[in-house]
Amino acid sequence: MFKEIHNKYLRYSVIVIYFILLFFCALQLNFLGLFGYSPSYKDIKAPTQSVGSELYTADGKLIGRYFNENRTPVAYDQIAPSVINALVATEDARFYKHMGIDFISLVSSGISTASGDKRGGSTITQQLAKNLYRTRYNKSQGAFKSIPVVSTIMSKLKEWMTAVKLEANYSKEEILTMYLNTVSFGNNAYGIKTAARTYFDKETDSLDVPESALLIGMLKATTLYNPTRNPERSVERRNVVLSQMNKYGFINTQEYNRYKNTPLKLKEGHVDDNGDGDSYLRTAVAKYLEKWCDDNGYDLYEDGLKIYTTIDSKLQKYAEEAVNEQMKTLQKRFYNAWGKNDPWYDSENRKVDYPNRAKQKLPIYAMLKKKYNNNQDSIDAYFDRKKKMRVFSWNGTRDTLFSTMDSIRYYGKILNAGMMSLDPFEGKIKVWVGGIDHNFFKYDHVNQSKRQAGSTFKPFAYLAALESGLSPCDTFVDKPVSIAYQEKGKTEYWEPKNASYSNTYSNMSLRLAMARSVNTITAQITEKVGADNVVKWAHEVGIDSKLQSVPSVSLGPNDVSVYEMVKAYGTFLNNGIKTDPILVERITDLDGNLIKEFKPKTKRVLSEEISWLMLYMFRGSMEEPGGTSQALWEWDLWKNNNQIGGKTGTSSDYVDAWYMGITKDLVTGVWVGCDERTAHFKNSQTGEASRTALPIFGKFMEKVYHDESTGYTYGPFPKPTVKITIQYNCPTPRYVPDTTTQDSVEVDSVDLQMPVIEELDPLTPEQMELINQQKKKAANPAPAQPENSEPMTKKEARELKRKLRKEEKEKAKLDPSNNG
């Protein structure tokens, strides 16, 4: 076809043009895989960036980010003009005059390179093409990548082609914005917004000229000109950029002289307050969304998602404060209890060599055995070698000289905690505290850790009893029991003991027995309804872990998580409807468009009558005499007839301490203990749950109630929505000490041993609040009397006590709205 062109010069020109076009078509189409990937028209119209996803609380607080490249895009009008001017003056002075390729710059750079002054001729658009589409990466280079010069030429040609396409589809402002959002500024800061926050703790529109010049200057070599590592070189490079800005008229000479003498003023910052870094919640959400991302083709670390959790930022703050306050106190108590002695003892009170056992589980131990040919002395010498180490402490991070063995011993004595709060009506998790410090303790004690539930598991036995036809008023005798069971074809006997190691031999209603957490009665109930039924109902209401159906199952020997326990207890508050808690409420894209909204799965597993009766049973821990939750009187929780149900739990040898608390709005679970199970408190005075885990709940709820803006208020549990056909209103005999025969508080403990028995209904929280106020008045009798008045006589004091006691009896009547 070329022969038809008779003019040979024209014919040759057409042939050259034809083969050039053919070559570029082959290049674009990656003919026979020779040239590698080139961006398509679709790629150009929708360029992809690695943009981190952001994690928010339900009320819009940024609490975490996920990223491979720490980048937050910014719009053109949010970038300071000095940044744009510095970039153009330094990287591409004719940026506004070319269409992606600056041939003048190419010629001048070629001449400079030939004369020994090597410099690049790439335009900003070409650099953007390389950053966006990675035209020089191996996966883009095709079969020619193994030919050094050819591969470079192919990459450069693809950059040219891509740059021209970019110029054809985007304005100059859009190209500058995309470029500044893609480039790296070192220190894992990608994009101008992240860099401005990282180095100067500023927004991009607040950067001044010297700061803009410094950041743009870094682009030549982010490590060499990093201001935190090489401040002097960074200032020199900044001044070169300022000189270029002066040369091209962006600043005048007077400004240049002033700016170049400006000292380097760095201020370390973050993308948003508390917005980056790791946390228990951030890790839990990543795990929660792992399957969803896989199923729906999203990358949590690169797709710029906005993830809104169900977490309430105020409740989360108060929970973290409560955990920190109590755990700091408990750690001191733990150290005081053991002194200089090691705390690692098994259930038979035999000392455990925990440090040596932990050492042998470390991956490096096997490597050292191989390296030193099983020479134990050499291995031990390695583990005993001192080195600089940063360790956790309640007084802040501590720098010290520790050997690996020192570290093992130190962390083996640290108490940890897990806490979760749930709104079971909506299935939303409001609080997630996975531990005391995620920087040092990565293990999440809400859903990863599983520990013996102790007596917090007992309610499932009482649930099984109600489901079998028993009522809260049915009675059992607190007496020694011996329960036979089969093990390996042999009959064995289990003889549970109460926490006090004694028995009262009195009849107790189911409500009183659960309130006092009486082991012998719980064992009898389990024997009556069957251990299999206890396991069945625990699974029905929300426990997912495998449970061993043994005679002692109700006393909590099985390992469960805080997450499971909160979910299960939530079923009781939610009228018998089991709800699978959700941690994420919705996900949007970078522009706020809704991608996914999450709804909890629900299933009715209990009748409304049984679930209400279980709440009534839980209230017994506060209302029944001797209830195990009554340490909560210490906190300001008892206004407006507020009701709280709960259950303490302490495993054998005070290893695990639990508290499960229920209010009209929330279910909260708390676990406290050492990660190393052989480390534990010595006795009930220091280690039982009412003194370890329960105070965290008390502190937390007090903070929540005191902050009206949380929306959580005092108040009673909901009234039953159905007729209660099972008998439940059975007042427990309450022992009231006769204080009228003595006039000295020094013999109060003696009076308590000689009770007067009166038949009283269980006290309501309002009545308990009145009694507490009277107790405080008794401890601090009255305001100081005027100097001219005479002190109260003993007779008058006795009369005052009688009056208070009479008022107490008159007001200690059952509130009709409580139905018992």
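Scope of this entry: the structure provided in the associated data block. Every value quoted in this text rests on a predicted model; they were computed, and no experiment measured them.

Moving on, we come to the overall build of the protein chain. Secondary structure assignment for the protein chain yields 29 helices and 22 strands. When burial is assessed residue by residue, the protein chain has 49% of its 820 residues classed as buried. Partitioning the intrachain contacts of the protein chain with sequence separation of at least 6 by distance along the chain shows that 70% fall at a separation of at least 24. Here the protein chain displays about 40,400 Å² of accessible surface, and carbon together with sulfur accounts for 51% of that area.

When the charged atoms of two side chains with opposite charge come close together, those side chains can pair. Considering all chains together, one arrives at 32 salt bridges under this definition. In this structure, Asp295 and Lys291 form a salt bridge, with 2.6 Å as the shortest nitrogen-oxygen distance. Taken as a pair, Asp295 and Lys291 lie in helix α12 (residues 280–296) at a separation of four residues, close to a single helical turn. On the accessibility criterion, Asp295 (51% relative accessible area) is exposed. Of the residues examined, Lys291 reaches a relative accessible area of 58% and is grouped as exposed. Through salt bridges with shared partners, a single ionic network connects Arg197, Asp201, Glu203 and Lys267.

Enumeration over the complete set of coordinates arrives at 28 aromatic pairs. Arranged with centres 5.2 Å apart and planes meeting at 5°, the rings of Trp292 and Tyr298 form a pair that is stacked. Looking at Tyr298, the relative accessible area reads 30%, which means it is partly exposed. A ring pair is formed by Trp432 and Tyr563, whose centres lie 6.4 Å apart and whose planes are at 55°; its orientation type is tilted. Here Tyr563 lies in helix α22 (residues 562–573) and Trp432 lies in strand β7 (residues 428–433), a separation of 131 residues in the sequence. The buried category is assigned to Trp432, whose relative accessible area is 4%. Cluster of aromatic residues (ring-pair linked, three or more members): Phe392, Trp394, Phe402, Tyr410, Tyr411, Phe440 and Phe441.

Here we take up the sheet that holds strand β20 (residues 667–674). The strands that make up a sheet are held in pairs by hydrogen bonds between backbone atoms, and each pair lies either parallel or antiparallel. In space, the five strands of this open sheet follow the order β7-β6-β20-β19-β18, with antiparallel pairing throughout. Of all strands in the sheet, those with a lone pairing partner are β7 and β18 (645–650), marking the two edges. The average angle at which neighbouring strand axes cross in this sheet is 10°, direction not considered. When strand β19 (residues 656–662) meets β20, the two strands line up antiparallel, connected through seven bridges. By the bridge assignment for β20, Tyr659 is matched with Val670. Strands in contact with helix α23 (residues 608–623) are β18 and β19; relative to β18, the strand with the most contacts, it is inclined by about 65°.

Before going further, it helps to examine the sheet that holds strand β16 (residues 594–597). Strand order in this open sheet of five strands is β2-β1-β3-β15-β16, and the pairing throughout is mixed. In the strand order of this sheet, the two ends are held by β2 (62–66) and β16, each with one partner. For this sheet, the mean inter-axis angle between neighbouring strands, taken without regard to orientation, is 20°.

This part takes up the state of the cysteines. The final tally for this structure, using the stated rule, is one disulfide. Disulfide partner of Cys473: Cys730, at an S-S distance of 2.1 Å. With the S-S dihedral at roughly -95°, the linkage between Cys473 and Cys730 falls on the left-handed side. Of this pair, Cys473 sits in the loop between α18 (458–467) and β9 (475–477) while Cys730 sits in the loop between α26 (694–706) and β21 (733–737); the two residues are 257 residues apart in sequence, bridging distant segments of the chain. By relative accessible area, which is 13% here, Cys473 ends up buried.

Thresholds applied
Residues numbered from 1 in each chain as written. Predicted model: local features only at pLDDT ≥ 70, side-chain atom pairs only at ≥ 80, totals over all residues. Heavy atoms only, no water. Helix = DSSP H or I, 4+ residues; strand = E, 2+ residues; numbered from the N terminus. Buried < 20%, exposed > 50% of the residue type's maximum accessible area, 1.4 Å probe, protein only. Contact = heavy atoms within 4.5 Å. Areas by Shrake-Rupley, 256 points an atom, 1.4 Å probe, with all protein chains shown as cover. Salt bridge = Lys/Arg side-chain N within 4 Å of Asp/Glu carboxyl O. Phe/Tyr/Trp six-rings, centres within 6.5 Å; stacked < 30°, edge-to-face > 60°. Pairing = 2+ DSSP bridges. Axes fitted to C-alpha atoms, helices over the stretch in contact; angles between N-to-C directions. Disulfide = S-S within 2.5 Å.

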